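A structural walkthrough
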Amino acid sequence: MLKPTKKEFNRDNLLNQGVALLRGQGYHGTGLQEILDAVNVPKGSFYNYFGSKEDFGAEVIQHYTDPFIALLTDHLERSDADALGAIRRYFDELIVELEKDEFKGGCLLGNLMGEIGDTSEVCRKSLQSAVRRYQDVLQSGLAKAQQQGTVRSDKSPEMMADLLVNTWQGALLRMKIERSSAPIKQCCQDLLDDFFKP
């Protein structure tokens, strides 16, 4: 594997720092200087990597989403015979991580949807793309589970993936104000262990 160039390394560090700060402080609560200082990149250099703060935010959204898609895909690929179980294990792992973080931060996508989803067209499109990519993987897993007979067939995989994403996002917001994993656990139980079953 080729060693990343300094530019690629700096860009990746900026995106990682962007995920951490935007998740914890929000888009408007995070200044570019704060991000640059955290990774020791001079202010003038920021525009060698990103055209604007909005462009940066849009790329942070994709950077944040990629590992979740990779993890879900890996679960589905490793559990050929039990797609529903793979989806359940994936969400169980997320719940454990959220509990370890003591429910702080929540989901960057949900946070930014509420904060800038209707004020930044660049970020809105990136959020839309991230959610669609995520839904596509869930949809393919639910379709596989239908073929395996573990998920009801009177609802489309697309409808169920939409419902799961929408309910999960709402449950994450409730989790933050309740400081409890009860809402996200209920989401998974009600959908994966009940409503989606044949």
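Looking only at helices and strands, the protein chain features nine helices and zero strands. Counting only C-alpha atoms and orienting by the principal axes, one finds that the protein chain spans roughly 55 × 40 × 30 Å. When the 198 residues of the protein chain are sorted by exposure, 44% land in the buried category. Contacts spanning at least 24 positions in sequence make up 68% of the contacts within the protein chain whose residues lie at least 6 apart. For the protein chain, the exposed surface amounts to about 10,300 Å²; the carbon and sulfur share of it is 51%.

Next up on the list: helix H1 (residues 6-25). Helical periodicity: at 3.6 residues per turn, an α-helix aligns residues three or four positions apart in one direction. In a regular helix each residue adds 1.5 Å, so 20 residues correspond to 28 Å; H1 covers 27 Å between its end C-alpha atoms and thus fits that length. Of the positions making up H1, those classed as buried are Asn10, Leu14, Leu15, Gly18, Val19, Leu21 and Leu22. A positive backbone phi angle near 85° is found at glycine 26, which sits one or two residues after H1.

How each quantity is defined
Residues numbered from 1 in each chain as written. Predicted model: local features only at pLDDT ≥ 70, side-chain atom pairs only at ≥ 80, totals over all residues. Heavy atoms only, no water. Helix = DSSP H or I, 4+ residues; strand = E, 2+ residues; numbered from the N terminus. Buried < 20%, exposed > 50% of the residue type's maximum accessible area, 1.4 Å probe, protein only. Contact = heavy atoms within 4.5 Å. Areas by Shrake-Rupley, 256 points an atom, 1.4 Å probe, with all protein chains shown as cover. Expected span 1.5 Å × (residues − 1).

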